[in-house]
Each structure stands twice: as structure tokens, then as C-alpha cells.
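What follows is each chain in one-letter form.
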Amino acid sequence: MKWSVIIVALLLIRPCYSQNSIAYSDYRNYFYIFDNGIKKEMEYLPVKSYKNGASCIAYQDNSGTLKIYYNKKIFELLEGATDFYVTKNICLGKCNGQLKIFDNGKTRTISRNSEVFEYGDSIVAFYDKQYKTFNAYYNDSIIQLEDMLTDESFTEFKAGNNMVTYVNNQSEFTVFYHGKKLKLFLVAEPFSYKVGQDIIAFTNYEDLSLNVFRNFAIKKIESQIPSSFLCGKNCVVYVDESGSFKMYKDGKTEIISNIKPDFYYISDEMVIYSEENYFKIYLNGTTYLLETYIPSSYKYDQHCIAYKNNMGVLKFFDKGKTNEITHEVVKNYEINGSVLTYISGNTNKTYFNGKIY
């Protein structure tokens with residue numbers, strides 16, 4: 001595999017606004033949003049659905065209008081939305097091929113006829129059937145990546161948190177990153193890859209290695225193809241050919257464990273995994289043992305995880321510390337970053353910053 005990399009000197013840094021909020025409906029189906037210690041009633045009629053994000057909350061009201069709660073204000077994005085998607089920074093609404101986006105307090109239509117798209121925290125990749133173009137939305141701009149007048153197909157395309165990757169019609173593995181399109185190498189044989197934030201991991205079957213694209217450069221990080229790998233926020237976690245569990249981060253390889261995990265997930269830089277049925281977290285170079293068994297229920301977001309132990313106690317891991325939230329019977333719970341909401345009896349409660357509201 002021959003590589004040619006275009007080096008781009010200027011990096012665009014996108015600010016991220018986090019509002020420490022979470023949405024829920026009470027036993028009367030009144031819709032509320034908790035925002036930095038304040039509970040707000042938003043709708044008294046039942047909402048159709050809602051989704052939490054780091055910078056905004058999206059919901060369809062009783063009439064089907066897609067609304068966005070952002071910076072303590074309500075914005076209307078789309079009437080009659082058939083589906084919607086929320087990430088840390090954006091909300092994407094869909095209706096009969098129309099794609100509308102909410103980003104940083106602004107709404108706009110990015111396509112009037114698109115059925116094929118991928119999205120990440122701050123980016124959307126989509127094929128526009130009307131103009132027969134493959135495009136990316138990023139940083140309030142729509143950038144045409146490929147003219148598809150003669151061929152409407154791609155063999156692969158994915159969106160990470162802030163990157164788009166695809167194989168173009170010339171079999172070139174191409175990356176759209178920080179507003180620039182880079183042709184990395186010619187794909188001459190099968191390969192697999194994962195996309196995260198500021199990083200791509202991929203296999204090279206010529207020399208059976210695992211490689212990363214990071215900081216506009218390609219680097220080999222493992223001489224043998226791993227049995228599995230995932231990308232997070234500027235890091236890669238993988239199980240090597242011997243079964244060792246590793247993380248590549250900031251140009252260095254860390255050994256998480258010499259024991260092969262039963263399973264693992266990654267959320268930003270936090271790794272959730274099981275080792276011989278022990279439930280563990282790996283974060284910032286430290287391993288945390290949460291339980292000596294796998295909880296029947298757990299949910300995670302960013303650097304936090306909530307779960308019920310085998311006694312039914314609701315626990316919350318945040319910033320390297322696990323707190324017991326309640327011994328009450330919990331019917332349901334949701335997590336949005338450092339905010340946890342749960343139902344005990346007919347009461348909705350929220351845990352945030354060490355307090356229960």
C-alpha cells in the first residue's frame with residue numbers, strides 16, 4: 001500500500017458549548033428540562049420523543065414540530081420530522097428527504113433530497129440526489145467533496161466526530177478533516193477502518209499492521225493486525241494478536257491489561273470493559289474496578305457511566321469517582337454527560353454536581 005499524504009498546516013478549532021442539561025417526562029407526561037440546577041416545564045402536552053445532547057436537547061412536541069432547546073432558548077427546526085438525530089454539538093432533522101441542521105444557534109437546510117447520510121458530533125456527510133453530489137457540512141459550510149454525475153455509488157463512507165472518510169471512484173481512501181480534503185492512499189486490497197475524533201485507525205494487509213492517521217500523518221502502531229479495535233477521542237483501543245488490551249493515545253501505546261477483555265466500548269477517552277466478568281473503567285491511565293460482576297443495566301455518555309448494582313442501588317461514575325445515588329427502587333434512569341435523571345415511585349429526580357434535585 002503506497003501512501004501519499006497532503007499536509008495541511010492550519011487547523012480550525014471548533015468551540016463546544018455544554019449546558020449541563022437533561023430532558024424527561026413526568027408521570028403526567030408533562031415535559032421538563034433540567035438545566036444547571038433549574039427544572040423547567042417546557043410542554044404540558046405529551047411530546048412524541050426527545051433526545052439529549054451535550055449542547056442542545058431536541059424534541060418533537062405534540063404536533064410533531066421538532067424543537068431545539070439551546071442556551072436557555074427554544075428554536076423550531078422542522079415541522080413533521082420523520083426522524084431526528086442529536087450529537088454533542090448538532091441536531092439533524094429529516095423529513096421526506098429534506099435534511100435540516102441546527103448548529104451553534106443557527107438552523108439551515110443542507111439538502112432537499114438526501115436519503116444517504118452519516119453524521120458525527122460536528123459534521124454531516126450526505127449524498128444529494130438533486131444535484132448528484134457528495135458533500136460535507138462542517139463549521140456552518142457545505143463543501144462538495146465529489147461530483148457524482150456519472151456514478152452515484154461509494155464503496156465506503158463514514159463520519160467520525162469531526163471527520164469524514166470514504167473511498168472515491170478512483171479507489172482512493174479520502175479524508176475530509178478541518179475543512180480540507182486529503183487523498184491518503186490507493187486502496188488495492190481489502191482493509192478495515194474505524195473513525196473517531198481527530199483519529200482514524202486502519203489495517204494494512206500488505207504488511208499485516210495497524211496504522212493511524214493523526215495530526216495529518218500516518219503512523220504504524222502495531223506490527224500485527226489486532227483481533228479488534230475501536231476509535232475514541234484522539235485515541236484507539238484494541239486487542240492485539242496475543243490478547244493484550246491496549247490503548248494508543250498522544251503518540252504512545254499504553255497496556256490496559258494483559259488479559260483479553262470479554263467486551264469493551266469507548267466513550268471519548270473512557271473505556272468500559274469486562275475482564276473475567278469484572279466490570280471496569282479505564283480512564284486517563286487509571287483502571288477503576290466498578291463491580292466484580294456485570295450489572296444487568298448500565299448507560300454511559302462522555303466520561304460518565306450510571307448503573308444499578310445487584311442490590312438495585314443506582315450508582316454514578318464521574319471524574320474517577322463512583323457515588324451511590326439512591327437505594328430507592330428506580331424504574332428508569334437516563335444520563336447526559338455529568339447529569340443523571342431517574343424515576344423513583346412517581347417522582348423524577350436529577351443528580352448533578354453532587355446534589356439531588
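Not measured: the values here are computed from a predicted model.

1. Focus: the overall build of the protein
The helix and strand inventory of the protein stands at 0 helices and 39 strands. Computed over the C-alpha atoms, the radius of gyration of the protein is 22 Å, within 12% of the 21 Å expected from 2.2 N^0.38 for a compact globule of 357 residues. Summarising its shape, the C-alpha atoms of the protein cover approximately 60 × 50 × 30 Å along the three principal directions. Scored against the burial criterion, the 357 residues of the protein give a buried share of 52%. Of the contacts formed within the protein by residues at least 6 apart in sequence, a portion of 37% connects residues at least 24 apart.

2. Some remarks on the nonpolar core
Ranked by size, the top nonpolar core spans 17 residues in total, and within it Phe-173, Val-175, Phe-185, Ile-200 and Phe-213 carry the most contacts. For this core, the secondary structure elements donating two or more residues are strand 17 (163-167), strand 18 (172-177), strand 19 (180-186), strand 20 (193-195) and strand 21 (200-204).

3. A look at the pairing of strand 1 (residues 21-25)
Judged by how many residues are buried, strand 1 sits mostly within the fold: 4 of 5 residues are covered. Note that strand 1 and strand 2 (residues 31-35) share 5 bridges and pair antiparallel. Paired with Ala-23 across the bridge in strand 2 is Ile-33.

4. Notes on the pattern of salt bridges
Close approach of charged atoms allows side chains with opposite charge to pair. Evaluated as defined, the whole model comprises 23 salt bridges. A network of salt bridges, in which partner residues are shared, links Asp-35, Lys-40 and Lys-72.

5. What about the sheet that holds strand 12 (residues 116-119)?
Remark on secondary structure: sheet strands pair via backbone hydrogen bonds, oriented parallel or antiparallel. If you trace the 4 strands from one edge of the open sheet to the other, you get 12-13-14-15, paired in antiparallel fashion. Strands with a single pairing partner mark the edges of an open sheet, and in this sheet they are strand 12 and strand 15 (141-147). Direction aside, neighbouring strands of the sheet carry axes that sit 20° apart on average. Here strand 12 runs beside strand 13 (residues 123-128); their pairing, made up of 4 bridges, is antiparallel. Its bridge partner lying in strand 13, Tyr-119 is registered against Val-124.

6. Considering unusual backbone geometry
Positive phi outside glycine occurs at Asn-139, with the angle close to 55°. Inspection of the secondary structure assignment puts Asn-139 in the loop between strand 14 (133-138) and strand 15. A relative accessible area of 41% places Asn-139 in the partly exposed class. Residue Asn-284 is not a glycine yet carries a positive backbone phi of 55°. For Asn-284, a relative accessible area of 56% corresponds to the exposed category.

7. Observations regarding the confidence of the model for the protein
Scored by pLDDT, the protein has a mean of 92; 93% of the residues are at 70 or more. Confidence drops under pLDDT 50 across residues 1-16; counting only partners more than four residues distant or on other chains, this segment forms 40 contacts.

8. Description of the sheet that holds strand 2
The strand order across the open sheet formed by 3 strands is 1-2-3, and the pairing between neighbours is antiparallel. The two strands at the open ends of the sheet, each matched to only one other strand, are strand 1 and strand 3 (38-43). Averaged over all pairs of adjacent strands, the angle between their axes in this sheet comes to 25°, without regard to strand direction. When strand 2 meets strand 3, the two strands line up antiparallel, connected through 5 bridges. Considered in strand 3, the bridge of Asp-35 is made with Ile-38.

9. Some remarks on the environment of Leu-340
Summarising the element assignment, Leu-340 is placed in strand 37 (residues 339-344). With 292 residues separating them in the primary sequence, Leu-340 and Lys-48 have C-alpha atoms 21 Å apart. Setting aside residues no more than four positions away along its own chain, Leu-340 makes contact with Ala-306, Leu-314, Phe-316, Ile-325, Tyr-333, Glu-334, Lys-349, Thr-350 and Tyr-351.

10. Observations concerning the side chain of Ser-111
By the element assignment, Ser-111 lies in strand 11 (residues 106-111). Accessibility expressed as a relative area gives 3% for Ser-111, which makes it buried. A polar contact is formed between the side chain of Ser-111 and the backbone nitrogen of Asn-113, at a distance of 3.2 Å. A distance of 2.9 Å separates the side chain of Ser-111 from the side chain of Asp-128, its partner in a polar contact. Apart from residues lying up to four places away in sequence, Ser-111 is in contact with Gly-97, Gln-98, Leu-99, Phe-126 and Asp-128.

Definitions and limits used
- Residues numbered from 1 in each chain as written.
- Predicted model: local features only at pLDDT ≥ 70, side-chain atom pairs only at ≥ 80, totals over all residues.
- Heavy atoms only, no water.
- Helix = DSSP H or I, 4+ residues; strand = E, 2+ residues; numbered from the N terminus.
- Rg over C-alpha atoms; globule rule 2.2 N^0.38 Å.
- Buried < 20%, exposed > 50% of the residue type's maximum accessible area, 1.4 Å probe, protein only.
- Contact = heavy atoms within 4.5 Å.
- Core = buried A, V, L, I, M, F, W, Y, C linked by side-chain atoms within 4.5 Å.
- Pairing = 2+ DSSP bridges.
- Salt bridge = Lys/Arg side-chain N within 4 Å of Asp/Glu carboxyl O.
- Axes fitted to C-alpha atoms, helices over the stretch in contact; angles between N-to-C directions.
- pLDDT = per-residue confidence, 0-100.
- Polar contact = N/O pair within 3.5 Å; in protein donor to acceptor, adjacent residues only side chain to side chain.

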